[in-house]
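Fold and contact review
Chain by chain, the residues:
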Amino acid sequence: MRTLLNLIWLVLAGFWLAVGYAIAGVICCVLIVTIPFGIASFRIAGFTLWPFGRTMVDKPSAGAGAVLGNIIWVVFAGWWLVLGHLATGIALCVTIIGIPLGLANFKLIPISLLPLGKEIVPTDQPFAVR
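Residues numbered from 1 in each chain as written. Predicted model: local features only at pLDDT ≥ 70, side-chain atom pairs only at ≥ 80, totals over all residues. Heavy atoms only, no water.

1. Looking at the packing of helix H2 (residues 35-49) against helix H3 (residues 64-92)
- As a packed pair, H2 and H3 sit with axes 11 Å apart at the nearest point and diverge in direction by 75 degrees. Judged by the angle between their axes, H2 and H3 are roughly perpendicular. Residue-level contacts link Phe-37, Ser-41 and Ile-44 of H2 to Gly-69, Ile-72 and Trp-73 of H3.
- Taken together, the residues of the contact of H2 with H3 sort by class into 4 nonpolar, 2 polar and no charged. (Axes fitted to C-alpha atoms, helices over the stretch in contact; angles between N-to-C directions. Helix = DSSP H or I, 4+ residues; strand = E, 2+ residues; numbered from the N terminus. Parallel < 35°, antiparallel > 145°, perpendicular 65-115°, else oblique. Contact = heavy atoms within 4.5 Å. Nonpolar A, V, L, I, M, F, W, Y, C, P; charged D, E, K, R; others polar.)

Take a look at the structure:
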């Protein structure tokens, strides 16, 4: 079932979301200071390509730098992304078939709001530390 939902997601929303996050990642990596934001954008892009069967957990090694970076991220990009995922998730939940896709969009809200200090792991091992 995960594979089927991931394929439907990829066709309807995932590919374009991932392309957007990848473009943002490239732009952030061009500017030297924003490389951590670029890496976070690439991580979110991978998560948006295949969200079913994976989840986000806190990285135990994250510290004050992640908190400071998340504050900067929220001010400049995070709240726009949250509004976009919220609007898209609500629109997808209007139809019965779109409900799982809308829920996947809601699942992307926490990582698009605070991406630094997070790790994406398979759902069958949510406490895995890499």
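After that view of the structure, there is still more to cover.
2. Quick notes on the state of the cysteines
- All told, the structure shown has 0 disulfides when counted by the stated rule.
- Left without a disulfide partner, Cys-28 is nearest to the cysteine sulfur of Cys-29, which lies 7.0 Å away.
- Assessed through its relative accessible area of 17%, Cys-28 is described here as buried. (Disulfide = S-S within 2.5 Å. Buried < 20%, exposed > 50% of the residue type's maximum accessible area, 1.4 Å probe, protein only.)

3. A closer look at the pattern of salt bridges
- By the definition in use, this model includes 1 salt bridge.
- Ionic pairing is found between Asp-58 and Lys-118, a salt bridge with its closest N-O pair at 2.4 Å. Here Asp-58 is found in strand E1 (residues 54-58), whereas its partner Lys-118 is found in strand E2 (residues 118-122), with 60 residues between them in sequence.
- Looking at Lys-118, the relative accessible area reads 16%, which means it is buried. (Salt bridge = Lys/Arg side-chain N within 4 Å of Asp/Glu carboxyl O.)

4. Examining the layout of surface pockets
- Within this model, the largest pocket holds a volume of roughly 260 Å³.
- Those elements that provide at least two residues to the lining of the largest pocket are helix H1 (2-30), H2 and H3.
- Broken down by element, the residue count for the lining of the largest pocket peaks at 7 residues, all from H1.
- By residue class, the composition of the lining of the largest pocket is 13 nonpolar, 4 polar and no charged. (1 Å grid on protein atoms, 1.4 Å probe; cavity = no way out; pocket = protein on both sides within 12 Å on 5 of 7 lines; lining within 4 Å. Points joined across faces, edges and corners; volume = space filled by probe spheres on them.)

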